Amino acid sequence: MCGIVAVTGFKNALPLLINGLEKLEYRGYDSAGIAIINSESDNITCNKAEGKLKNLKSLLNKNNIPGTIGIGHTRWATHGKPEVKNAHPHCDSSGTVAVVQNGIIENYQDLKNKLEKEGVVFNSDTDTEVIPHLIQRELNTLGKLNLENNGSTLLVAVRNVITDLEGSYALAVLWAGAPNSLVVARRQAPLIIGLGEGEFMCASDTPAIANFTNIILPMEDEEIALLTPLGVEIYGANNERQYRNPISLNISEQIIDKMNFKHYMLKEIYDQPETAKNWLEKYLIKNSKNGQLEIDFPFDTNFFESIERIEIIACGTSKHAAMVGSFLLEQFAGIPTNVFYASEFRYSPPPLLPNILTIGVTQSGETADTIAAINMEITRRSLVKDENFKPNLIAITNRSDSSIGRQISNIIDIGAGIEIGVAATKTFYAQLLSFYGLAIQFAQIKGTQSKEEISKLILELFKLPPLLEDLIEKHNQSAEKLAHDFFNIKDVVFLGRGINYPIALEGALKLKEISYIHAAGYPAGEMKHGPIALLDKKVPVISIASPGEVFDKVISNAQEAKARDSYLIGIAPKCNGTEIFDYLMTIPESNELISPLLNIIPLQLLSYHIAAHRGLDVDQPRNLAKSVTVE
Ligand code: F6R
């Protein structure tokens, strides 16, 4: 996480840096800072503030710092508390080198120990601070070699330093000795260069650049670049100059208006009927020969035919979408499927099996663990000299221009539009739909479901948008009412079974991440094997009971909770059996397979209203970031 931005060649660097940081604040908001080479003094002027960017802005208090070149950072704390001393940029002891970094330098303690032995005094608890000190040391050595071009000297110094760094990073370096030159470098963290005429920008993500240019050069892993008003030089890991054509950014800067909503999260919950409509328009087509509706993903059908098993790699909310997907792929399409936490898969991958499809799910397309796990899978499969073991890959993402989009060519672009709220809602929805699409396509190609069953499921998907509109309107009110009674609770248990078990997990995750209330999701049948010990009248139980295979079982499990005095909230249609609930958040009756697409709505709204009622920062909850680019 963390967002970095760097500019050179601009008449006035400061507003561009601020604007860039505003667009990157979703990556972390523990502190923010900016360093500019002050054109009046030729020294680096550095300003930092704890907390959100607005604090840095009021510190600057409309004072401009004259300068054409600068770097900025918005932090999600890894090493060192969210305090001013740990805010980036970090400088060397002479204050002539400033660095911003996104990533983790794993061997920083060894490097720090060595520098301290040489007499360097550290001012922060961060891993990053070793970098400016090491660069300054390198510059001193290179100075003795008398290199002429200062920008090139900085480039060589940074290159020498990064060879000693272990871990992942994206960094930007400023040196008062080369007052027009920026050096940027990346390893396993995103960095994109924006090109203008005599003006260049570099940032962790495209929205930070889109205001300035739509011509970009995404940097590849292990690349380092020198940016001056004269142009950009990019070098690969082998130090060879890299030449490639820039690409045009197809998203023009989108000013996302909160409309009349109090928070982006609520707006994004309300966006979901539109999300569903857009997804259906994009991926469902009418077959011109037989008039039937079909899924139209941009992949060759041969690709699907050879697949015998599926593995899905994801984190957090994306993993919950993957779990619903796994249920559909196994139970509807008949393909054995496993879902893995990306962070676990990396260090304990399953044994290699032939004809596997690997699906990476990540709304941001930048989650470090997911990217690394997919890379690992590509590598280990490529090493087997057998056609049946080749990597077959699909990415499900909201950002086809992201790292995963560059890694995998078969992309299901979920097209949910920019999601500002850190807690994922509409992107989760569009991920879910993408799994319905995959399950339908597999069932069609493998012949595991009849045409009628497939058409029935497709028609149910088509009915969603208006159903969702009503559901959101209705439960926005009921959730607000419930929030009034429950905003002070300490623990909540969510129960679901079968295809709705992952929805129970997602309901619990939403509640805890934005309201800071402890919440846990369980498969309802597991309650009696331990978690039931938690229950008493202070612990409400939210139970998802959709008519179908496991309805009676869930109702019995809810009874068991009621017998322990828990207040029972049901997410279910009004039907026989649901009278046991103390409060019913009514869902329209539907095919059980479709029910997750309805059940998630009241859960999102309940979390939202509880957090809003507690007066919390719903869109930027503490300790979280929208894009998790560290391990
Ligand atoms: C929860 C949430 C996170 C993300 C997780 C993975 O609301 O947003 O749990 O789902 O960090 O992020 P992506 O999907 O970007 O890989």
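Structural data are supplied above this passage.
Model, not experiment: these values are computed from the prediction.

Draft legend 1. Geometry of the overall build of the chain. A count of helices and strands for the chain gives 19 helices and 27 strands. At 26 Å, the chain has a C-alpha radius of gyration in line with the 25 Å of a compact globule built from 631 residues. Considering the chain as a whole, with its 631 residues, one finds that 59% of them fall into the buried category. Of the contacts formed within the chain by residues at least 6 apart in sequence, a portion of 72% connects residues at least 24 apart.

Draft legend 2. Highlighting the sheet that holds strand 10 (residues 200–203). Spatially, eight strands are ordered 3-2-4-1-10-9-11-15 in an open sheet, and the strand pairing comes out antiparallel. Taken across any chain shown, the strands that pair with only one partner, and hence form the sheet edges, are strand 3 (44–50) and strand 15 (247–248). Bridge count between strand 1 (residues 3–8) and strand 10: four bridges; the pairing is antiparallel. Each bridged residue has a counterpart across the sheet, and for T8 the counterpart in strand 10 is F200. This element, helix 1 (residues 13–24), spans strand 1, strand 2 (31–37), strand 4 (70–75) and strand 10 of the sheet and lies at about 155 degrees to strand 1. Set on the sheet, helix 2 (residues 53–60) makes contact with strand 2 and strand 3; between it and strand 3 the angle comes to about 130 degrees.

Draft legend 3. A look at the sheet that holds strand 27 (residues 583–586). Sheet architecture is open: five strands sit in the order 24-23-25-26-27, paired in parallel fashion. Across the chains shown, the open sheet's two edge strands, defined by having one partner strand only, are strand 24 (518–523) and strand 27. Across the sheet, the mean angle from the axis of one strand to that of its neighbour is 20 degrees, orientation sign disregarded. Here six bridges tie strand 23 (residues 491–496) to strand 24, and the two strands are oriented parallel to one another. The partner of V492 across the bridge, within strand 24, is A519. The strands that helix 17 (residues 501–515) touches are strand 23, strand 24 and strand 25 (541–544); relative to strand 24, the one it contacts most, it runs at about 175 degrees. Of the strands in this sheet, strand 23, strand 25, strand 26 (568–572) and strand 27 are in contact with helix 19 (residues 596–613), which crosses strand 25 at around 160 degrees.

What counts and what doesn't
Residues numbered from 1 in each chain as written. Predicted model: local features only at pLDDT ≥ 70, side-chain atom pairs only at ≥ 80, totals over all residues. Heavy atoms only, no water. Helix = DSSP H or I, 4+ residues; strand = E, 2+ residues; numbered from the N terminus. Rg over C-alpha atoms; globule rule 2.2 N^0.38 Å. Buried < 20%, exposed > 50% of the residue type's maximum accessible area, 1.4 Å probe, protein only. Contact = heavy atoms within 4.5 Å. Pairing = 2+ DSSP bridges. Axes fitted to C-alpha atoms, helices over the stretch in contact; angles between N-to-C directions.

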